[in-house]
Amino acid sequence: MQSAQVYLGLLRERGKRGLPLKRVYRQLFNKDLYLMAYGKIYHNAGAMTRGVTEDTVDGMALETIDKIIEALRFERYQWAPAKRVYIPKRTGKLRPLGLPSWSDKLLAEVIRLILNAYYDVQMSEHSHGFREERGCHTALREIYHTWGGATWIIEADLADCFGSLNHELLRSTLAEKIHDGRFLKLISHLLEAGYLEDWQFHQTLSGVPQGSICSPILSNILLNKLDTYVETTLIPEYTRGKKHQLNKAYVRLVSRARSLLRTGQKEAALQLKKQAQRLPSIDPCDPTYRRLKYCRYADDVRHLTGC
């Protein structure tokens, strides 16, 4: 089989060209992908945290990878339900978090590597959350450099984003570009693996698994549809005019100041110029000029309008 680096590079090229993804499942037999995945997650703080089983990164061996591949080869791999715990939020409320088993973490990271290589190159430049070399700093940089002259800024937060994403919609979105039933079935089983809370099993009928390595990329894949809708439908529909009209109050003051200068009334003209300088030269509420700008960080959305 190809090395992990070569295969992921091929996926990126297919993603850039918009080509569908086929025969992905058999790449899950590639041991090199698991070694790369291990290198990315073994040092994570949660690597030593137990899920519903006793295995952690501390017991990692090549035999672990062999067992996962063997189960996958015969389509017998079973995702274990995550162990549900709660962590405090800044607001004082509690956030649910799932603790997967180590084998599930390792396989989930392999799937994330594949999905990320293929989909990330297709995502919007205005999406900044859970992406390599992007984050809060790039979102703020975009806003700082391109959102000058804002009249309105609308902030939206998708409530319980990870917990409420529709499974059927996510499956259909993946199936648009991934033409491999076995791979899609494996992801579907991950979505439906459920969780244990106080050793009671609970089904997951919606949402992506809380605490799963795959959840951020899966949510980004689905929310990229929102990005595409805003950029291809809302922004063109909202855009009006080529430039702002001049502010009439500003024009009147400047015109009167010039008239006074021509008649030698320099002091009065200077006072009018100072008044004009306190006003914008263009009409900030010009109904013939509208622009919409958009930025998304994970499940937080910002819209700038009327600039």
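Draft legend 1. Structural detail: the overall build of the chain. A count of helical and extended segments in the chain gives 11 helices and nine strands. What you see for the chain is a C-alpha radius of gyration of 27 Å, clearly larger than the 19 Å of a compact globule of 307 residues, by over 25%. Along the first, second and third principal axes, the C-alpha atoms of the chain reach 95 × 45 × 30 Å. Here the chain holds 307 residues, and 43% of them are scored as buried. Within the structure as shown, the chain displays about 17700 Å² of accessible surface, and the carbon and sulfur contribution to it stands at 53%.

Draft legend 2. Inspection of the side chain of Glu-109 at higher detail. Mapped onto the elements, Glu-109 comes out in helix H4 (residues 102–119). The class for Glu-109 is buried, based on a relative accessible area of 3%. Beyond its immediate chain neighbours, meaning those up to four positions away, Glu-109 contacts Ala-37, Lys-40, Ile-41 and Ile-213.

Draft legend 3. Here's a closer look at the environment of Ser-215. Along the chain, Ser-215 falls in helix H9 (residues 215–238). Classification of Ser-215 as buried rests on a relative accessible area of 1%. Measuring from C-alpha to C-alpha, the distance between Ser-215 and Arg-112 comes to 8.7 Å, with 103 residues separating the pair along the chain. If sequence neighbours within four positions are ignored, Ser-215 has contacts with Phe-162, Val-208 and Pro-209.

Draft legend 4. Seen up close, the sheet that holds strand S2 (residues 82–88). Spatial ordering of the open sheet is given by S3-S2-S6-S7, a layout of four strands whose pairing is mixed. Both edges of this open sheet fall to strand S3 (94–99) and strand S7 (200–202), since each of them pairs with a single strand only. For this sheet, the mean inter-axis angle between neighbouring strands, taken without regard to orientation, is 45°. Across three bridges, the pairing between strand S6 (residues 195–197) and S7 is antiparallel.

Draft legend 5. A look at the environment of Ser-281. Take Ser-281: it is sitting in the loop between helix H11 (266–277) and strand S8 (292–297). With 32 residues separating them in the primary sequence, Ser-281 and Ala-249 have C-alpha atoms 8.6 Å apart. Beyond its immediate stretch of four places on either side in the chain, Ser-281 contacts Leu-246, Asn-247 and Tyr-250.

Draft legend 6. Summary view of the layout of surface pockets. By volume, the largest pocket is sized at about 740 Å³. What lines the largest pocket is a set of 23 residues, among which Arg-95, Phe-130, Phe-162, Gln-210 and Asp-299 lie closest to the centre. Of all the secondary structure elements, the ones that give two or more residues to the lining of the largest pocket are S2, S3 and helix H6 (161–164). Considering every element that reaches the lining of the largest pocket, the biggest residue donor is S3, with four residues. Counted by class, the lining of the largest pocket contains 12 nonpolar, four polar and seven charged residues. Approximately 380 Å³ is the volume found for the second largest pocket. The wall of the second largest pocket is formed by 29 residues, among which Arg-84, Thr-204, Val-208, Pro-209 and Gln-210 lie closest to the centre. Counting only elements with at least two residues in the lining of the second largest pocket, the list comes to S2, S3, H4, H6 and helix H8 (181–191). Examining the composition of the lining of the second largest pocket, we find that three residues originate from one element, H4, more than from any other. Residues that form the lining of the second largest pocket fall into these classes: 15 nonpolar, 10 polar and four charged.

Draft legend 7. Seen up close, a positive patch on the surface. Taken together, the side chains of Arg-14, Arg-17, Lys-22, Arg-23 and Arg-26 make up a positively charged region of the molecular surface. Mapped onto the elements, Arg-26 comes out in the loop between strand S1 (21–22) and helix H2 (31–41). You can call Arg-26 partly exposed: its relative accessible area is 42%.

Draft legend 8. Structural view of the environment of Val-85. Assignment of secondary structure puts Val-85 in strand S2. Of the residues examined, Val-85 reaches a relative accessible area of 25% and is grouped as partly exposed. Sequence-wise, Val-85 and Leu-99 are 14 residues apart; in three dimensions their C-alpha atoms are separated by 7.6 Å.

Draft legend 9. Structural view of the pattern of salt bridges. For the coordinates displayed, the defined rule picks out 10 salt bridges. Asp-66 is the salt-bridge partner of Lys-31, the closest N and O atoms lying 3.0 Å from each other. Pair noted here: Lys-31 is in helix H2 and Asp-66 is in helix H3 (residues 62–73), with a separation of 35 residues, a long-range link. What makes Lys-31 partly exposed here is its relative accessible area of 33%. The exposure class assigned to Asp-66 is partly exposed, which follows from its relative accessible area of 35%. The partner of Arg-171 in a salt bridge is Glu-192, with the nearest N and O atoms 2.4 Å apart. Of the two residues, Arg-171 sits in helix H7 (residues 167–175) while Glu-192 sits in the loop between H8 and S6, which places them 21 residues apart along the sequence. What you see here is one network of salt bridges that share partners, running through Glu-168, Arg-171 and Glu-192.

Rules used throughout
Residues numbered from 1 in each chain as written. Predicted model: local features only at pLDDT ≥ 70, side-chain atom pairs only at ≥ 80, totals over all residues. Heavy atoms only, no water. Helix = DSSP H or I, 4+ residues; strand = E, 2+ residues; numbered from the N terminus. Rg over C-alpha atoms; globule rule 2.2 N^0.38 Å. Buried < 20%, exposed > 50% of the residue type's maximum accessible area, 1.4 Å probe, protein only. Areas by Shrake-Rupley, 256 points an atom, 1.4 Å probe, with all protein chains shown as cover. Contact = heavy atoms within 4.5 Å. Pairing = 2+ DSSP bridges. Axes fitted to C-alpha atoms, helices over the stretch in contact; angles between N-to-C directions. 1 Å grid on protein atoms, 1.4 Å probe; cavity = no way out; pocket = protein on both sides within 12 Å on 5 of 7 lines; lining within 4 Å. Points joined across faces, edges and corners; volume = space filled by probe spheres on them. Nonpolar A, V, L, I, M, F, W, Y, C, P; charged D, E, K, R; others polar. Patch = residues over 30% accessible without salt bridge, like charges linked within 9 Å, V, L, I, M, F, W, Y side chains within 5 Å. Salt bridge = Lys/Arg side-chain N within 4 Å of Asp/Glu carboxyl O. Lys, Arg positive; Asp, Glu negative; His and termini not counted. Charge placed at Lys NZ, Arg CZ, Asp CG, Glu CD.

Any functional reading would require information that these geometric values do not contain.
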